[in-house]
Amino acid sequence: MPDRQWPEPEGVGHHVRPYAITGGRTRHSEHSFSLITLVVTRSPDGFGGEPVEPEAAAILDICRDRAVAIAEIAAQLDLPVSVVKVLCGDLLNSELVLVQAPPKEGDAPSVDLIERVMDGIRRL
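Keep in mind it's a predicted model, so treat the numbers as computed, not measured.

What counts, and at which threshold
- Residues numbered from 1 in each chain as written.
- Predicted model: local features only at pLDDT ≥ 70, side-chain atom pairs only at ≥ 80, totals over all residues.
- Heavy atoms only, no water.
- Axes fitted to C-alpha atoms, helices over the stretch in contact; angles between N-to-C directions.
- Helix = DSSP H or I, 4+ residues; strand = E, 2+ residues; numbered from the N terminus.
- Parallel < 35°, antiparallel > 145°, perpendicular 65-115°, else oblique.
- Left-handed = near helix turned anticlockwise from the far one by under 90°.
- Contact = heavy atoms within 4.5 Å.
- Nonpolar A, V, L, I, M, F, W, Y, C, P; charged D, E, K, R; others polar.
- Pairing = 2+ DSSP bridges.

Between helix α2 (residues 54–62) and helix α3 (residues 70–77), the least distance of the axes is 11 Å, while the angle of their chain directions is 120 degrees. One way to sum up the angle between α2 and α3 is to call them oblique. For the pair α2 and α3, the crossing hand works out as right-handed. Contact residues: α2 offers Glu55, Ala58, Ile59 and Ile62, while α3 offers Ile73, Gln76 and Leu77. For the contact of α2 with α3, the residue count by class is five nonpolar, one polar and one charged.

Have a look at this one:
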């Protein structure tokens, strides 16, 4: 009797795969990233001679020429954002990427300062 190939239910691989990619981790133990955290590859060749997972290699390729937001990486790779955050944390630990977090609310200039700058510009 020949082996029967049963069709997989639609979307099954899509739900199992992220779990396998991250080794079951849903967040990185050391780093937390927002959706607009920027990631850029540290060196032009990207890998630095270390073996990396295919998804991590794809992240390095996407971020080679410019800084890319976590959300954009997830969209380009069609992966959940949580998976991309874990992988970027691993790449950061391996020193293969540089990460720039968005400014915190307290880092923004005050409204008073902005108004004074605008007043100065108007006087020019």
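In space, the three strands of this open sheet follow the order β2-β1-β3, with antiparallel pairing throughout. The sheet is open, and its two edges are formed by β2 (68–69) and β3 (97–100), each paired on a single side. In this sheet, β2 lies alongside strand β1 (residues 38–41) in antiparallel orientation, the contact comprising two bridges. The residue bridging leucine 38 from the neighbouring strand is alanine 69, located in β2.

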